[in-house]
Amino acid sequence: MLKAVSFDLWDTLVRKDSDEPKRAAQGLRSKLAERRRLVWQALNDLAPIAEDAVAAAYDGADAAFDRTRQEDFVTWTIGERLRRVLDSLGRDLPAETFAEIVKAHEEMEIAIPPDATEGIAEALGALTLRYRLCVVSDTLVSPAGTLRRLLASQGLGDFFTGFAFSDEVGQAKPHRAIFESAADQLGVEPQEMLHVGDSEDEDIEGAKALGMKAILFVGVGGSGRADTAADAVCERAADLPEIIEQLSSEATDEARAPAGQVVIPAQMRTAPETEALPEPVAPKPAVTRKSAEKAPRAWQRMLSGRRLDLLDPSPLDVEVEDIAHGLSRVARWNGQTGGDWAFTVAQHSLLVEEIFRRLRPAAGPLDCLAALLHDAPEYVVGDLITPFKSAIGSDYKALERRLLAAVYLRFGLPAELAKPVASAIKRADRAAAFLEATQLAGFDEAEARRIFGRPRGYENLGLDRVRLEPWPPSEAKSRFLARFAKLDVLETAGKED
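Residues numbered from 1 in each chain as written. Predicted model: local features only at pLDDT ≥ 70, side-chain atom pairs only at ≥ 80, totals over all residues. Heavy atoms only, no water.

Peer 1: Just to check I follow, could you spell out unusual backbone geometry for this structure?
Peer 2: Excluding glycine, most residues fall at negative phi; most peptide bonds, likewise, are trans. Following Lys173, the chain continues into Pro174 via a peptide bond in cis, with omega recorded as 10°. Despite not being glycine, Trp333 shows a phi value in the positive range, around 60°. The phi angle at Asn334 is positive, at roughly 55°, despite the residue not being glycine. Tracing the chain through its elements places Asn334 in the loop between helix H14 (320-327) and helix H15 (345-359). (Helix = DSSP H or I, 4+ residues; strand = E, 2+ residues; numbered from the N terminus.)

Peer 1: I would appreciate a short explanation of the sheet that holds strand E1 (residues 4-7) in the present structure.
Peer 2: The pairing of strands in a sheet comes from backbone hydrogen bonds and takes either a parallel or an antiparallel form. The sheet built from six strands is open, its strands ordered E3-E2-E1-E4-E5-E6 with parallel pairing. Strands with a single pairing partner mark the edges of an open sheet, and in this sheet they are strand E3 (162-165) and strand E6 (232-234). Taken over all neighbouring pairs, the strand axes of this sheet differ in orientation by 20° on average, direction set aside. Judged from the three bridges that link them, strand E5 (residues 213-217) and E6 form a sheet pairing that is parallel. Looking across to E6, one finds that Ile215 is bridged to Ala232. Packing against the sheet, helix H8 (residues 144-153) makes contact with strand E2 (132-137) and E3, and its axis sits at approximately 135° to E3. (Pairing = 2+ DSSP bridges. Axes fitted to C-alpha atoms, helices over the stretch in contact; angles between N-to-C directions. Contact = heavy atoms within 4.5 Å.)

Peer 1: Help me out: how do you make sense of the packing of helix H20 (residues 419-439) against helix H21 (residues 445-452) in this one?
Peer 2: The description of two helices packed together rests on the angle between their axes and the distance between the axes. Look at H20 against H21: their axes get within 10 Å of each other, and the N-to-C directions meet at 155°. One element, H20, and the other, H21, form an angle in the roughly antiparallel class. Between H20 and H21 the crossing geometry is right-handed. Note on element contacts: H21 touches H20 through Glu445, Ala448, Arg449 and Phe452, opposite Arg430, Ala433, Phe434, Ala437 and Thr438. Looking at the contact of H20 with H21 residue by residue, the classes come out as five nonpolar, one polar and three charged. (Parallel < 35°, antiparallel > 145°, perpendicular 65-115°, else oblique. Left-handed = near helix turned anticlockwise from the far one by under 90°. Nonpolar A, V, L, I, M, F, W, Y, C, P; charged D, E, K, R; others polar.)

Peer 1: Would you mind going over the environment of Gly457 with me for this structure?
Peer 2: Looking at where Gly457 falls in the secondary structure, it is placed in the loop between H21 and helix H22 (473-496). For the pair Gly457 and Gly170, spaced 287 residues apart in sequence, the C-alpha separation works out to 9.7 Å.

Peer 1: Is there a simple way to explain the packing of helix H4 (residues 78-89) against helix H5 (residues 95-106) in this structure?
Peer 2: The N-to-C vectors of H4 and H5 enclose an angle of 125°; their axes lie 10 Å apart at closest approach. Viewed along their axes, H4 and H5 adopt a mutual orientation that is oblique. The crossing of H4 and H5 is right-handed. Residues Ile78, Gly79, Leu82, Arg83 and Leu86 of H4 lie in contact with H5, whose contacting residues are Phe98, Ile101, Val102, His105 and Glu106. Residue composition of the contact of H4 with H5, by class: six nonpolar, two polar and two charged.

Peer 1: Could you clarify how one ought to interpret the side chain of Arg35 in this entry?
Peer 2: Relative to the helices and strands, Arg35 resides in helix H2 (residues 31-46). Within the buried core, Arg35 has no salt-bridge partner, and the shortest N-O distance to an opposite charge, that of Glu109, equals 4.1 Å. Non-local contacts of Arg35, meaning those with residues more than four positions away in its chain, are made with Tyr58, His105, Met108, Glu109 and Val141. (Buried < 20%, exposed > 50% of the residue type's maximum accessible area, 1.4 Å probe, protein only. Lys, Arg positive; Asp, Glu negative; His and termini not counted. Salt bridge = Lys/Arg side-chain N within 4 Å of Asp/Glu carboxyl O.)

Peer 1: Hey, could you run me through the pairing of E2 in this one?
Peer 2: Consecutive residues of a regular strand have side chains that alternate between opposite faces of the sheet. By the criterion of burial, E2 is predominantly enclosed, with five of the six residues buried. In the sheet, E1 pairs with E2 via four bridges, with the strands oriented parallel. When the bridges of E2 are listed, Ser6 appears paired with Cys134. Here E2 pairs with E3 via four bridges, running parallel. Note on E3: the bridge partner recorded for Cys134 is Gly162. Handedness of the crossover joining E2 and E3 through H8: right-handed. (Right-handed = clockwise from strand over helix to strand, strands pointing away.)

Put into structure tokens, the structure is as follows:
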């Protein structure tokens, strides 16, 4: 069953260049020309410079932005792009002037806004009665804050309960992180979502890679590709509720089908009389009280003597020594890493916490502890690789969440972290995966970029200087416990102050 729908913004919710005729009618330059003019004017006021030179530098920065977006799945802020323009010209601007130019770029689509797609407000109004809605969009020039204001000005903002923008998530479409952020905000699994967008490469392929349904929207940008991987193609926003309802019904049929039963797609359900439909396999009998009593145990005995119920974990049964012992013996990457020792989840957890501190230098001990313990459930369930977790589905992820909540509560953390902290931990986790993949697990950099995304701020965070060498389990355990103890001391000292 579908529970949530995400939408691309440009040429899906909003017609990307529909503001250009308005600018022309007012005698204004195009957005492209005006942005270059702003930079040239500011530089020329300080010292003469040719307009063509500024335009060429701007074009070069745009080309670099496009490459980084396609290869690393990262969208620079407009400030970062303008810095590259100035660097290529060997020029600089006073901080106040630079800030004014950045603001002018960021708010250009607020001053004269593009139009909402015809019929999209009515479609969203119908969909919000049945589904949770989220925006999933790359930020090209206008940042997330501006895009929220733009949606509000078009009367669309209130339809959405989640917003996954690339400058806030840290990864751009089609990277899985931006779609996972949407799922997390809506409280659903990716397989319970459908995504609507106009780009085959960014929207459709990105969503389908996570097991989502996808609709290619061609109501603004054209007819789309004949070989689309989308589940449906939509030409009018007004048709979206009906198409989504049909796809949701098919998803429900698939979920309800007993094991082994073939589900016939909706468009094939009227079969010719000469063809017999396959006989359904009888469903398995319901679990009775008697059979339930014979069910295998669901608890794990720890060396500490604790017995942790995996299906209904209690914080009282969680001990840090058990966590450290278990994680120091669980191999990342199914053990497929170089070196004399496996790269353990305990060592990975320490790496993630270190990167987290670099991302959030002002983070307190409790937030750092949350980063250290982010994979703690694996001390009892092991480290399944991501493709296998996706294949198992939502039941496994729900089990993992319950275990993590019990761990967090045991050590004074909230069962559910604040979104900025959780997002930073996920970003650190992905950065650690990139380092492990390229240094230990045999991935070349191009493949790792495609799957994990090259960490944003790679050099600034000093990640290019990190070198990984797997530790023996005993060392991984002792270092994990030492870091836990230090964070515990810091937190206690903070309370006393």
